[in-house]
Amino acid sequence: MFFPLKFVAANIFMAGVTAGAIGGAAAVYVLSDKQRREKLKDCAEKMRENCKPKWNTKSTVPTS
């Protein structure tokens, strides 16, 4: 009964290790070139500007 549980736990662990390795390699690849860093900054700025009106929780009704 413990064999399937160990097998599932090992698969989850290996999936995490693999995802971490791939994510780390992708981060190094993107951040290693100045042009890619600039594109990443531009993309982050576009996303930030796009999300500001959607997530703004302040009321727009004047209180005066």
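What you see is a predicted model, and the numbers here were worked out from it, not measured in a lab.

**Describing the overall build of the protein**
Right, on to step 1. Along its length, the protein carries two helices and zero strands.
Right, on to step 2. Accessible surface, the protein: about 6200 Å² in total, of which carbon and sulfur atoms supply 69%.

**Some details on the pattern of salt bridges**
Right, on to step 1. Counted by the stated rule, this structure contains two salt bridges.
Right, on to step 2. The residue Lys-41 makes a salt bridge to Glu-38 at a minimum N-O spacing of 3.9 Å. Here Lys-41 pairs with Glu-38, and both are found in helix α2 (residues 34–55), just three residues apart, close to one helical turn.
Right, on to step 3. Judged by its relative accessible area of 36%, Glu-38 is partly exposed.

**Looking at the packing of aromatic side chains**
Two aromatic rings, taken as a pair, are described by how far apart their centres are and by the angle between their planes.
Right, on to step 1. In the structure shown here, the tally under the stated rule is zero aromatic pairs.
Right, on to step 2. The positively charged end of Arg-36 is found above the aromatic ring belonging to Tyr-29, 4.1 Å away from the centroid.

**Observations regarding a nonpolar patch on the surface**
Right, on to step 1. Where nonpolar side chains cluster on the molecular surface, the patch consists of Phe-7, Val-8 and Ile-12 and spans about 310 Å² of accessible area.
Right, on to step 2. Looking at where Ile-12 falls in the secondary structure, it is placed in helix α1 (residues 2–31).
Right, on to step 3. Taking the relative accessible area as the measure of exposure, Ile-12 reaches 59% and is therefore exposed.

Conventions used here
- Residues numbered from 1 in each chain as written.
- Predicted model: local features only at pLDDT ≥ 70, side-chain atom pairs only at ≥ 80, totals over all residues.
- Heavy atoms only, no water.
- Helix = DSSP H or I, 4+ residues; strand = E, 2+ residues; numbered from the N terminus.
- Areas by Shrake-Rupley, 256 points an atom, 1.4 Å probe, with all protein chains shown as cover.
- Salt bridge = Lys/Arg side-chain N within 4 Å of Asp/Glu carboxyl O.
- Buried < 20%, exposed > 50% of the residue type's maximum accessible area, 1.4 Å probe, protein only.
- Phe/Tyr/Trp six-rings, centres within 6.5 Å; stacked < 30°, edge-to-face > 60°.
- Lys NZ or Arg CZ within 6 Å of the ring centre and 35° of its normal.
- Patch = residues over 30% accessible without salt bridge, like charges linked within 9 Å, V, L, I, M, F, W, Y side chains within 5 Å.

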